[in-house]
Structure formats: C-alpha cells, structure tokens
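If you want the building blocks of each chain, they are given just below.
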Amino acid sequence: MTSQKYSAMSVLTNAHRLRFLVALCILLTLWWVLLGVVEREAGRAEQQGTRLMLNQIRSVLVVKGAEIRLQEGADFRAWVGRNPFEWFGSEPAWYDGICHDGRPEPGRWCFKRLQTGDKGYKKDTAGAEGRVIFQPRQPISLGDRQGSVDTPMAWVVAVEFTDRNGNGRLDGQDLQSGLRLQPVETNDRAEH
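Attention here is on the structure that accompanies the text. Along each chain, numbering runs from 1 in the same order as the chain's sequence is written. Predicted model: local features are reported for residues with pLDDT of at least 70 only, side-chain atom pairs are reported and counted for 80 or more only, and whole-chain, interface and lining totals are derived from all residues. As a rule here, side-chain values cover all heavy atoms of the structure and leave hydrogens and water aside.

### With respect to the overall build of the chain
Move 1: Note on conventions: DSSP H or I runs of at least 4 residues are helices, E runs of at least 2 residues are strands, and numbering of each starts at the N terminus. For the chain, the count of helices and strands is two helices and seven strands.
Move 2: Mapped in sequence order, the helices and strands of the chain form the string α-β-β-β-β-β-β-β-α.
Move 3: Here the chain holds 192 residues, and the buried ones make up 31% of them.
Move 4: Two residues qualify as a contact provided that any one of their heavy atoms is within 4.5 Å of a heavy atom in the partner residue. Pairs at least 24 apart in sequence give 50% of the contacts found in the chain among residues at least 6 apart.
Move 5: Each accessible area is a Shrake-Rupley estimate made with a 1.4 Å probe; only the visible protein chains count as cover when residues are assessed. Accessible surface, the chain as shown: approximately 13000 Å² in total, 56% of it carbon and sulfur. For every residue, the accessible area obtained with a 1.4 Å probe (protein chains only) is divided by the maximum for its type, and the residue is called buried under 20%, exposed over 50%, and partly exposed between those limits.

### A word on a nonpolar patch on the surface
Move 1: A cluster of nonpolar side chains, namely Leu-18, Val-22, Ile-26, Leu-27 and Leu-30, defines an oily patch on the protein surface of about 500 Å² accessible area.
Move 2: With respect to the helices, strands and loops of the structure, Ile-26 is situated in helix 1 (residues 2-72).
Move 3: Looking at Ile-26, the relative accessible area reads 47%, which means it is partly exposed. For patch detection, residues must exceed 30% relative accessible area and be free of salt bridges, and they are connected within 9 Å for like charges or within 5 Å for nonpolar side chains (Val, Leu, Ile, Met, Phe, Trp, Tyr). For salt bridges, the criterion is a side-chain nitrogen of Lys or Arg within 4 Å of an Asp or Glu carboxyl oxygen.

### Brief notes about the environment of Val-62
Move 1: Along the chain, Val-62 turns up in helix 1.
Move 2: By relative accessible area, which is 59% here, Val-62 ends up exposed.
Move 3: In the structure, Val-62 is positioned 116 residues away from Gly-178 in sequence and 7.0 Å away in space, judged by C-alpha atoms.

### A few points about the packing of aromatic side chains
Move 1: Within 6.5 Å between ring centres, the rings of Phe, Tyr and Trp (the latter by its six-membered ring) count as paired, and their orientation is classed by plane angle as stacked under 30 degrees, edge-to-face over 60, tilted in between. Evaluated as defined, the whole model comprises six aromatic pairs.
Move 2: Seen in terms of ring centroids, Phe-85 and Phe-88 are 5.7 Å apart; in terms of plane orientation they differ by 25 degrees. Their pairing is stacked. Across the pair, Phe-88 and Phe-85 agree in class, each one buried.
Move 3: Ring geometry for Phe-85 against Trp-109: centres 6.4 Å apart, planes inclined by 65 degrees, an arrangement best described as edge-to-face. Of the two residues, Phe-85 sits in the loop between helix 1 and strand 1 (95-98) while Trp-109 sits in strand 2 (residues 108-115), which places them 24 residues apart along the sequence. The same class applies to Phe-85 and to Trp-109, which are both buried.
Move 4: Each residue in the set Phe-85, Phe-88, Tyr-95, Trp-109, Phe-134 and Trp-155 is aromatic and connected to the rest through ring pairs, giving one cluster.
Move 5: Just above the ring of Trp-79 sits the side chain of Arg-82; from NZ or CZ to the centre is 5.6 Å.
Move 6: Placement of a charge over a ring requires the Lys NZ or Arg CZ to be within 6 Å of the ring centre, with the centre-to-atom vector within 35 degrees of the ring normal. Sitting over the face of the ring of Trp-94, Arg-137 holds its NZ or CZ atom 5.8 Å from the ring centroid.

### Thoughts on unusual backbone geometry
Move 1: Positive phi values are uncommon outside glycine, yet Trp-94 reaches one of about 75 degrees.
Move 2: Note that Trp-94 resides in the loop between helix 1 and strand 1.

### Some thoughts on the nonpolar core
Move 1: To define a nonpolar core, start from buried Ala, Val, Leu, Ile, Met, Phe, Trp, Tyr and Cys residues and group those joined through side-chain atoms within 4.5 Å. The biggest cluster of nonpolar side chains holds 24 residues, and the ones touching the most others in it are Ile-57, Phe-85, Trp-109, Trp-155 and Leu-179.
Move 2: At the level of secondary structure, the elements contributing two or more residues to this core comprise helix 1, strand 2, strand 3 (126-135), strand 4 (140-142), strand 6 (153-162) and strand 7 (175-184).
Move 3: Leaving out residues up to four positions away in the same chain, Ile-57 has contacts with Pro-84, Phe-85, Phe-88, Trp-109, Val-132 and Leu-181.
Move 4: Formed by six residues, the second largest nonpolar core is a distinct cluster that contains Cys-110, Ile-133, Ala-154 and Val-184.

### Digging into the pattern of salt bridges
Move 1: Tallied over the entire structure, the rule returns six salt bridges.
Move 2: As a salt-bridge pair, Lys-64 and Glu-67 come within 3.7 Å of each other at their nearest N and O atoms. Of this pair, Lys-64 and Glu-67 both sit in helix 1, three residues apart, roughly one helical turn.

### Describing the state of the cysteines
Move 1: Throughout, a disulfide means two cysteine sulfur atoms within 2.5 Å of one another. Applying the stated rule across the entire model yields one disulfide.
Move 2: Between the sulfur atoms of Cys-99 and its disulfide mate Cys-110 the distance is 1.7 Å. Where Cys-99 bonds to Cys-110 through sulfur, the torsion about that S-S bond is close to 85 degrees, and the disulfide is right-handed. Highlighted residues: Cys-99 in the loop between strand 1 and strand 2 and Cys-110 in strand 2, separated in sequence by eleven residues.
Move 3: You can call Cys-110 buried: its relative accessible area is 1%.

So, in structure tokens, the structure goes:
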C-alpha cells in the first residue's frame, strides 16, 4: 500500500510540476509578446514626437519667412542653414542646443554647426550655418527616410522657391517664397 501511495504522490507531484512548467511557459510567452508591443509602441511614439517637432519647426519657419519678407523683402538666401531653434519663443523640449561631440543623446535634438574652411579644409571655427540633428532611440521612418540609434537624421533650413527653369537650384529668375526644412544626409566623418 505504501508503494501505491508513493506512486500516486509521485504522479501528483509530476502533474504539479507539469502544470507549473506550462504556466511558466505561457507567462514567458506573454511577457515576450508584451515586450514586443511595448517596443513597437515606443517606436511609434518616438516617430510621432519627431513629426510633431518637425511640424513645430516648419511653423516657426513660416513665421520667420513672413517676418523676413516684411522687413527685408523677398531674398531669403541669407537665412539658409541657420538654426531654427533660435526662432522659437522658448527652447523646445528635447533640444540640447549646439551639438557637442557630434550628435545628441538618443531621443534628443541639437544644431550642428558646419565647420568653415578654405578649399575643403576645416578650421577650428564654426560658422552660423549648420543642420538640425535628431538622434532616435528607436528605429523610425519618416517618409522614405530611416533613422535609428546608429543613424541620426538631419535637416537644413533652405529657401522655398518656384523653380522656373526646372534645374532644381535657386537661380536669379526663381521666385523665392519663404523658408523650408530640407532633409539632408548625415555624414559624420565629413563633419568632424
């Protein structure tokens, strides 16, 4: 009778272990799925936040373009490459100012001044022109552009114009209409 009792307890113990392992597998699977959903939502939130910041910059460019037109006329070329964050009423969240050490922390924005120099050689001084840099924390896409922890995204303030001759460049006969934010490639080696 003791061997039957021992055998029944062993079966019961094994059944409890099996239930525990099945429950543990289910919990681990649910945890894995939850982590994937959280990561996907974090990427989506960062993408939306990036779009929001870009829309704010574009709005500031429209206002600055109107100010320039009223004060100086319709020549916007002197404002190309300038820091649009300087035209905000107050410093935006997630903006770190002028870029130090190449790029901002993940999830942050900065303005990287381009080095000035003669014949492609760079000096230690930087001019007022540069580009807006965003360093994503998560992989994001904006249109056909991709950004990630390893790939920052960059834009430059450019002149919005009507290309009358179709050459894709601002010429004397082209009608300037304001400022715009133009995406550019980041080339960290060329900028350091």
